[in-house]
Amino acid sequence: MSSPLVFDRPLLRRRLARAATLGAADFLLDRVAEDIGDRLLAVKRAFPRALDLGSATDAVAETLARHPGIDTVFRAAPLAAAMGPAFPAVVADEEALPFAEASLDLIVSALSLQYVNDLPGALAQIRRALKPDGLFIAALIGGSSLAELREAFAVAESETTGGLSPRVAPFADVRDMGALLQRAGFALPVTDVDRVTVRYGSPFTLFADLRRMGAANALAERRRVPLRRATALRAAELYAERFADDDGKVRATFEIVWLSGWAPHESQQKPLRPGSARMRLADALGTKEVKTAGDSPAGPEQPE
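Now for a look at the structure at hand. (Residues numbered from 1 in each chain as written. Predicted model: local features only at pLDDT ≥ 70, side-chain atom pairs only at ≥ 80, totals over all residues. Heavy atoms only, no water.)

**A short note on the overall build of the chain**
Put simply, the rule is: Each helix is a run of DSSP H or I of at least 4 residues and each strand a run of E of at least 2, with the numbering of both proceeding from the N terminus. Only protein chains enter the accessibility calculation, which uses a 1.4 Å probe; a residue is then buried when its area is under 20% of its type maximum, exposed when over 50%, and partly exposed in between. We call two residues in contact when some of their heavy atoms are within 4.5 Å. Computed with a 1.4 Å probe, the accessible areas rest on the Shrake-Rupley method; for each residue, only the protein chains presented here act as cover.
A count of helices and strands for the chain gives nine helices and seven strands. Looking at the 304 residues of the chain, the share that counts as buried comes to 44%. Taking contacts inside the chain between residues at least 6 apart in sequence as the whole, the part at least 24 apart equals 76%. When the accessible area of the chain is evaluated, it comes to approximately 16400 Å², of which 54% is carbon and sulfur surface.

As structure tokens, this is what we get:
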């Protein structure tokens with residue numbers, strides 16, 4: 001079965017191209033790039049061949065290039081305009097990777113995989129491109145992002161048009177990510193969340209930043225008519241009423257979901273076989289076991 005088309009990928013590329021001409025709003029990407037550097041420093045091993053997959057600027061590639069265990073950094077992104085001459089690069093869609101099996105030691109993706117239609121398929125391609133014991137690290141925009149914007153537009157559109165249309169993408173839920181990594185064949189999957197609150201002078205400044213991130217509406221099921229001026233003004237008014245601080249600035253919440261996993265290798269730690277433990281949990285914790293009323297030494301209670 002083919003994956004549902006949640007995102008209009010050609011439109012997304014046009015949005016990204018427009019963002020590049022406007023001057024990218026890259027503060028989130030810069031934050032993620034710095035965090036990637038910190039996470040890699042905690043991994044005590046070398047990654048000779050590393051790939052920056054899908055980043056809109058050179059920030060992540062530059063972070064990788066500074067790592068002492070990385071020899072060569074490659075870039076792959078949907079737009080040639082997003083890639084400077086500093087690194088070997090290929091124009092590639094995250095949904096159709098052109099890399100040979102087991103050809104890379106490290107793949108890093110920063111704020112791009114949330115826009116793929118087939119995330120399980122993309123993760124499987126990434127895992128195949130990694131050498132055994134290769135590492136994958138990704139940051140995606142999470143499902144709780146821009147909750148304030150969703151609420152303001154939902155109410156404004158209902159008031160001004162009498163209906164609702166999708167305005168903000170259904171981003172990834174961290175609770176699903178570990179299972180997706182395992183489904184794609186990764187070993188030792190780990191997920192965590194970073195929440196970032198950004199304050200703006202007005203909702204319109206936020207709207208402009210989203211355009212400069214290439215994050216304007218690219219949903220396949222979006223309404224195909226221009227946003228009404230009355231709707232935009234009412235959304236901004238509601239946003240300011242409901243999500244402003246005492247100084248008048250409004251809040252925008254971004255959730256960054258972090259994923260990491262390893263291409264399987266025989267040297268990796270394996271989970272213990274069920275029933276193989278040699279010590280009771282109470283003994284390991286130095287506590288005394290207390291039986292509850294439902295405990296029975298003869299086994300589970302049988303139905304009458």
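Picking up where we left off.
**Some points on unusual backbone geometry**
Of note, D133 is a non-glycine position whose phi angle comes to about 70 degrees, a positive value. Here D133 is to be found in strand β5 (residues 130-141). The exposure class assigned to D133 is buried, which follows from its relative accessible area of 19%. One non-glycine residue with positive phi stands out, namely L188, at about 50 degrees. Its location among the elements puts L188 in strand β6 (residues 187-200).

**Concerning the packing of aromatic side chains**
Test applied: Centre distance within 6.5 Å is the pairing criterion for rings of Phe, Tyr and Trp, where only the six-membered ring of Trp is used; planes under 30 degrees apart are then read as stacked, over 60 as edge-to-face, and the remainder as tilted.
Using the criterion set out here, one finds six aromatic pairs in the structure. Summarising the aromatic geometry, the rings of F136 and F186 are spaced 5.4 Å apart at their centres and angled 25 degrees between planes, so their arrangement reads as stacked. With F136 in strand β5 and F186 in the loop between α6 (174-183) and β6, this residue pair connects regions lying 50 residues apart in the sequence. Judged by its relative accessible area of 0%, F136 is buried. The buried category is assigned to F186, whose relative accessible area is 5%.

**Notes on the side chain of T57**
Test applied: In protein, a polar contact requires one atom able to donate a hydrogen and another able to accept it; more generally it is a pair of N or O atoms within 3.5 Å, and residues adjacent in sequence count only if both atoms are side-chain atoms.
Along the polypeptide, T57 turns up in the loop between β1 (49-53) and α3 (59-66). At a separation of 3.2 Å, a polar atom in the side chain of T57 contacts the main-chain amide nitrogen of A59. Excluding anything up to four places from it in sequence, T57 contacts D26, L29, D52, R75 and A82.

**Quick notes on the pattern of salt bridges**
For clarity, the threshold we go by: A side-chain nitrogen of Lys or Arg and a carboxyl oxygen of Asp or Glu constitute a salt bridge if their distance falls within 4 Å.
Going through the model one piece at a time under the given rule, you end up with 17 salt bridges. Here R75 makes a salt bridge to D58, at a shortest N to O gap of 2.5 Å. Highlighted residues: R75 in strand β2 (residues 72-77) and D58 in the loop between β1 and α3, separated in sequence by 17 residues. You can call R75 buried: its relative accessible area is 1%. Its relative accessible area of 18% is what places D58 among the buried residues. E255 is the salt-bridge partner of R195, the closest N and O atoms lying 2.8 Å from each other.

**Quick look at the nonpolar core**
In a soluble, globular protein the nonpolar side chains are often hidden away together inside. For clarity, the threshold we go by: Take the buried residues of types Ala, Val, Leu, Ile, Met, Phe, Trp, Tyr and Cys, join any two whose side-chain atoms come within 4.5 Å, and each joined set is a nonpolar core.
Residues I36, L64, L106 and L206 are the most contacted members of the largest nonpolar core, which totals 52 residues. Filtering out sequence-adjacent residues up to four positions away, L106 remains in contact with L40, F47, R49, A50, L51, L64, I70, L130 and L135. Counting 27 residues, the second largest nonpolar core, distinct from the first, contains L51, L53, L123 and L130.

**With respect to the pairing of β1**
Note the cut-off: The handedness rule is simple: strands pointing away from the viewer, and a clockwise path from the first strand over the helix to the second, make the crossover right-handed. One requirement defines pairing of two strands: DSSP has to find at least two bridges between them.
Counting buried positions along β1 gives four out of five residues, so the element sits mostly inside the fold. Traced from β1 through α3 to β2, the parallel crossover comes out right-handed. Where β1 and strand β4 (residues 104-110) come together, four bridges link them in parallel fashion. Looking at β4, one finds that L53 is bridged to S109.

**Description of the packing of helix α7 (residues 203-212) against helix α8 (residues 229-242)**
The cut-off we apply is this: All axes are obtained by fitting lines to C-alpha atoms, using only the stretch in contact for helices, and the reported angles, taken between N-to-C directions, cover 0 to 180 degrees. The nonpolar class holds Ala, Val, Leu, Ile, Met, Phe, Trp, Tyr, Cys and Pro. Asp, Glu, Lys and Arg form the charged class, and all remaining residues, Gly among them, are polar.
Two elements in contact, α7 and α8, have axes separated by 9 Å at closest approach and are oriented at 115 degrees. Residues P203, F204, L206 and F207 of α7 lie in contact with α8, whose contacting residues are A232, L233, A236, Y239 and A240. Of the residues in the contact of α7 with α8, the class split is nine nonpolar, no polar and no charged.

**A closer look at α3**
Taken as a whole, α3 has its buried residues at A59, V60, A61, T63 and L64. At its buried positions, α3 is contacted by α2 (27-41), β1, β2 and β4.

**Thoughts on the environment of P10**
Here P10 shows up in helix α1 (residues 9-22). With relative accessibility at 42%, the residue P10 sits in the partly exposed group. It is 9.8 Å that separates the C-alpha atoms of P10 and P78, two residues lying 68 residues apart in sequence.

**Observations concerning the environment of G261**
Relative to the helices and strands, G261 is located in strand β7 (residues 250-262). Exposure remark for G261: the relative accessible area of 0% places this residue in the buried category. For the pair G261 and A187, spaced 74 residues apart in sequence, the C-alpha separation works out to 5.7 Å.

**Concerning the packing of helix α4 (residues 119-129) against α6**
A pair of packed helices is characterised by two quantities: the angle between their axes and the separation of those axes. To keep it simple, the criterion reads: Angular relationships are summarised with four words: roughly parallel below 35 degrees, roughly antiparallel beyond 145, roughly perpendicular across 65 to 115, and oblique for the angles in between. Put simply, a crossing is left-handed when the front helix is turned counterclockwise from the back one by less than a right angle, and right-handed when it is turned clockwise.
Running from N to C, α4 and α6 cross one another at 50 degrees; their axes reach a closest spacing of 9 Å. The angle between the axes of α4 and α6 places the two elements in the oblique class. Seen from above, α4 lies across α6 with right-handed handedness. Contact residues: α4 offers L119, P120 and L123, while α6 offers M177, L180, L181 and R183. When the residues that make up the contact of α4 with α6 are grouped by side-chain class, the tally is six nonpolar, no polar and one charged.

Interpretation note: all reported values are geometric properties and have no functional meaning in isolation.
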